[in-house]
Amino acid sequence: MLLKLTKYDLEVRYVPGKKQFISDCLSRAPISDTEPVSEPEEMIGINLIDTLGVDSGTLQKFREASNCDVTSQVVMEYVVKGWPAEKHQLDELAREYWSFREELSVEDGLLFKADRIVVPRSLRPEVLEEIHGAHMGENKSLSFAREYVFWPSMTAQIKDKQVVSTDIFEYGGHSYLLVTDFYSKYFEIELLSQTTASCVINNLKKIFARFGIPAEVLSDNGSQFSNTRNLFNNSHEFKRFADEWGFRHITSSPEYPQSNGAAEKAVQTAKRILKKAAADHKDPFEGLLKYRNTPFDDLGVSPAQLLMSRRTRTQLPTHRRLLLPQPVDPNQVVKTLKHRQSVSRGYYDGHSRDLPPLQVGDKVRIRPNRETEWRKAEVLPRSYLVGDERGRVYRRNRRQIIATPKDQPMSPTPLVTPAIPQPPQVRIKSSTPLDRPTTESPKLSVVPDGGQQAPMTTASGRVIKKPQRLIENI
């Protein structure tokens with residue numbers, strides 16, 4: 001540096017720091033002669049409205065809904081007048097917008113996040129219905145929504161709040177239908193006058209009318225939900241209901257309650273509430289109300305808050321501010337739920353092992369309907385559908401199937417009664433006197449001229465040995 005400066009005559013002067021100006025966008029020495037320019041917010045707003053590609057009627061509908069939505073009005077006021085320095089200074093209604101406040105803008109009575117319109121709360125069910133109406137699946141529905149609209153917790157509502165599980169249980173001589181939400185653990189109970197498919201469907205329609213139609217409904221393989229006699233028959237009444245109302249019906253593994261664990265857990269809670277109410281001579285609906293407003297230990301919020309983003313009023317004195325909508329951070333909820341599931345999976349995996357997968361045509365054995373006998377069967381071209389040697393088809397969990405690769409191939413024609421080959425006629429010759437006690441079976445010798453019938457065998461071909469006292473001397 002010194003060598004480079006030797007060719008110059010330098011005059012060094014001291015300049016105070018307050019007079020040393022830095023040329024940047026925040027400079028304290030702006031140019032004196034500037035020309036006025038248009039407001040950048042107006043230019044962005046005009047572009048946003050023009051590029052939406054939405055008719056004026058829909059825009060007016062969103063504008064009116066935003067004017068009636070208290071949260072939208074509070075957030076738009078912050079956007080126009082400025083945000084406070086700290087999050088705790090915000091109104092509770094606007095706290096869920098804090099993390100992306102720099103991306104928000106207001107134009108012509110509408111709130112935008114970047115180039116996506118923020119949907120007011122009253123229009124979100126309608127927008128969700130439009131998103132799910134194409135039945136594109138979870139990932140494509142999310143991608144579609146993220147291109148056009150936005151609201152806090154949108155991803156969780158599309159992804160997690162669309163799966164419910166249902167089950168029928170008995171208590172006190174009555175049958176009940178239970179429907180529980182996977183995300184919030186909020187469940188509904190309906191008393192069934194009959195356990196028919198039509199009665200179950202009517203009660204599900206009432207629940208769906210209150211909370212909306214889910215994307216997926218998980219149930220067991222009861223006769224109300226599926227055709228247990230013919231797994232390939234799609235004409236079941238519940239199948240038609242699923243097609244008409246636009247949701248996907250998934251059945252759990254037969255005789256394996258763990259695969260419908262969400263409903264089984266909710267049934268336990270429901271029975272405990274009903275039993276406690278009966279013992280205390282109280283209304284069971286009060287117990288349901290308390291459960292729905294009791295916060296989870298690990299989440300800090302209740303099922304009602306997870307489902308409705310607000311507390312519901314109980315018999316306890318409650319400040320009216322606590323009853324205002326308070327949205328819950330869905331990312332934190334999903335993270336906590338996944339941690340809860342991983343802990344449960346760790347306990348389960350501690351005393352279990354992985355079973356090898358099965359291929360189509362593998363020889364296996366099953367125990368249909370909890371029978372004591374294991375039947376020969378063969379894996380069919382669907383996930384663990386097995387056809388036994390009697391021609392019946394069953395759907396089973398992998399834990400209920402034993403692989404037996406050394407079994408002889410079954411007959412290609414379904415058999416009602418297995419054909420037993422008839423051996424040559426035999427004559428029984430006793431090698432020991434009948435009056436002498438013995439533990440050995442009498443020896444058989446084949447005699448061509450016959451006289452003795454073929455021995456009786458079991459379905460697997462094992463010879464049935466009669467007790468010694470039943471064998472007559474020949």
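Predicted model, so just to flag it, every value in this text is computed and none were measured.

## Brief notes about the overall build of the chain
- Within the chain, the regular secondary structure consists of 13 helices and 16 strands.
- Sequence-distant contacts in the chain: of pairs separated by 6 or more residues, those separated by 24 or more amount to 54%.
- For the chain, the accessible surface area stands at approximately 32,000 Å², while carbon and sulfur atoms represent 52% of it.

## Remarks on the nonpolar core
- Core analysis: the largest hydrophobic core is formed by 21 residues, its most contacted members being F169, L178, F187, I189, L299, L306 and V333.
- Counting only elements with at least two residues in this core, the list comes to β6 (174-181), β7 (187-192), α10 (261-280), α11 (284-292) and α13 (330-349).
- It is α10 that provides the largest number of residues to this core, a total of five residues.
- The next biggest cluster of nonpolar side chains, apart from the first, holds 16 residues, and it includes L177, I207, F208 and A242.

## Side note on the sheet that holds strand β2 (residues 110-113)
- Read across the sheet, four strands follow the order β1-β2-β3-β4 without closing on themselves; strand pairing throughout is mixed. Edge positions in the sheet fall to β1 (104-107) and β4 (149-150), since each of these pairs with one other strand and no more.
- Note that β2 and strand β3 (residues 116-118) share two bridges and pair antiparallel. Pairing of F112 across the sheet is with I117, part of β3.

## Observations regarding the pattern of salt bridges
- Counting across every chain of the model gives twelve salt bridges.
- By sharing partners, the salt bridges in this structure join E188, E190, K206, R210 and R292 into a single network.

## Some details on the packing of helix α3 (residues 56-68) against helix α4 (residues 70-81)
- The geometry of α3 relative to α4 is characterised by a closest axis approach of 5 Å and an angle of 90° between their N-to-C directions. Taken together, the axes of α3 and α4 lie roughly perpendicular to each other. Here S66, N67 and C68 of α3 lie close against α4, whose contacting residues are V70, S72, Q73 and M76.

## Quick word on α11
- Every buried residue belonging to α11 is among L288, Y291 and R292, and all of these are buried. End-on view of α11: buried residues confined to an arc of 95°, all on one side of the axis.
- On its buried face, α11 sits against β7, α10 and α12 (303-308).
- For α11, the N-terminal capping position is held by D283, with its side-chain oxygen 3.0 Å away from the main-chain nitrogen of F285.

## Describing the packing of aromatic side chains
- Tallied over the entire structure, the rule returns 15 aromatic pairs.
- Residues W83 and W98 carry aromatic rings whose centres are separated by 6.4 Å and whose planes lie at 75° to one another, so their mutual orientation is edge-to-face. Within this pair, whereas W83 is found in the loop between α4 and β1, its partner W98 is found in the loop between α4 and β1, the two being separated by 15 residues in sequence.
- Seen in terms of ring centroids, F208 and W245 are 6.4 Å apart; in terms of plane orientation they differ by 55°. Their pairing is tilted. Of the two residues, F208 is situated in helix α8 (residues 197-211) and W245 in helix α9 (residues 237-245); the sequence distance between them amounts to 37 residues.
- Look at F208 and you get buried, because its relative accessible area is 5%.
- The rings of F208, F225, F238, F241, W245 and F247 are connected pair by pair, giving a single aromatic cluster.
- For the cation-ring pair, R101 lies above W98, with the distance from its terminal atom to the ring centre recorded as 3.7 Å.
- The ring of F100 carries the charged tip of K113 above its face, separated from the ring centre by 5.5 Å.

## Focus: the environment of L128
- As for its position among the elements, L128 is in helix α5 (residues 124-132).
- Given the relative accessible area of 15%, L128 is considered buried.

## Digging into the confidence of the model for the chain
- Residues of the chain with pLDDT of at least 70 account for 66%, and the chain-wide mean is 74.
- Summarising per-element confidence for the chain, the mean pLDDT is lowest in strand β15 (residues 426-428) (36) and highest in β7 (94).
- Low pLDDT, under 50, characterises residues 412-452; the stretch is placed with 44 contacts to residues that sit more than four places away or in other chains.

## A short note on the sheet that holds strand β8 (residues 216-219)
- In spatial order, the strands read β7-β6-β5-β8-β9; together these five strands make up an open sheet with mixed pairing. The open sheet terminates on both sides in strands that have one partner only, identified here as β7 and β9 (248-251). Adjacent strand axes in the sheet meet at a mean angle of 25°, parallel and antiparallel pairs treated alike.
- Sheet topology note: the β8/β9 ladder contains four bridges and is parallel. By the bridge assignment, S219 is partnered in β9 with T251.
- Those strands touched by α10 are β5 (163-171), β6 and β7, and its axis lies near 45° from that of β5.

## Some remarks on a nonpolar patch on the surface
- A cluster of nonpolar side chains, L5, Y8, L10 and V12, forms an exposed patch at the surface whose accessible area comes to about 440 Å².
- Residue position: Y8 is located in the loop between α1 (2-5) and α2 (40-51).
- Take Y8: its relative accessible area is 47%, and that puts it in the partly exposed class.

## Here's the deal with unusual backbone geometry
- One non-glycine residue with positive phi stands out, namely K185, at about 65°.
- Along the chain, K185 turns up in the loop between β6 and β7.
- The partly exposed category is assigned to K185, whose relative accessible area is 24%.
- One non-glycine residue, S309, lies in positive phi territory at about 60°.
- Here S309 lies in the loop between α12 and α13.

## What about the side chain of E188?
- Tracing the backbone shows E188 in strand β7.
- Engagement of the side chain of E188 in a polar contact is seen with the side chain of R210, the distance being 3.3 Å.
- The contacts of E188, once residues within four sequence positions are left out, are L177, L178, V179, I207, R210, F211 and R292.

The rules behind the values
- Counting starts from 1 at the beginning of each chain's written sequence and moves along it residue by residue.
- Note on the predicted model: pLDDT of at least 70 is required for a residue's local features to be given, and 80 or more for side-chain atom pairs to be given and counted; whole-chain, interface and lining totals, by contrast, use all residues.
- For the side-chain quantities, the full set of heavy atoms in the structure was used; hydrogens and water were omitted.
- Per the convention used, a helix needs a DSSP run of H or I reaching at least four residues, while a strand needs a run of E reaching at least two, with both numbered from the N terminus.
- Contacts between residues were defined by any pair of non-hydrogen atoms, one from each residue, lying within 4.5 Å.
- Residue-level accessible areas treat just the shown protein chains as cover; the underlying method is Shrake-Rupley with a 1.4 Å probe.
- To define a nonpolar core, start from buried Ala, Val, Leu, Ile, Met, Phe, Trp, Tyr and Cys residues and group those joined through side-chain atoms within 4.5 Å.
- Relative accessibility thresholds used throughout: buried, under 20% of the residue-type maximum; exposed, over 50%; partly exposed, between the two (1.4 Å probe, protein chains only).
- We call two strands paired when DSSP finds no fewer than two bridges between them.
- For this document, the term salt bridge refers to a Lys or Arg side-chain nitrogen within 4 Å of an Asp or Glu carboxyl oxygen.
- Helix axes are fitted to C-alpha atoms over the stretch in contact, other axes to C-alpha atoms as well, and angles between N-to-C directions run from 0 to 180 degrees.
- Note that the term roughly parallel is reserved for angles under 35 degrees, roughly antiparallel for angles over 145, roughly perpendicular for angles of 65 to 115, and oblique for everything else.
- Taken from the helix axis, the directions to the C-beta atoms give the arc we talk about.
- Whenever a nitrogen or oxygen atom comes within 3.5 Å of another N or O atom, the pair is scored as a polar contact, on the condition that within protein one atom can donate a hydrogen and the other can accept it, and that pairs from neighbouring residues in sequence are kept only if both atoms are in side chains.
- Here a pair means two rings of Phe, Tyr or Trp (six-membered ring of Trp) with centres within 6.5 Å. Their orientation is stacked below 30 degrees between planes, edge-to-face above 60, and tilted elsewhere.
- Distance and angle both matter: a charge sits over a ring if NZ of Lys or CZ of Arg is within 6 Å of the ring centre and within 35 degrees of the ring normal.
- A score between 0 and 100, pLDDT records how confident the predictor is in each residue.
- For patch building, the residue pool is restricted to those with more than 30% relative accessible area and no salt bridge; the joining distance is 9 Å between like charges and 5 Å between nonpolar side chains (Val, Leu, Ile, Met, Phe, Trp, Tyr).

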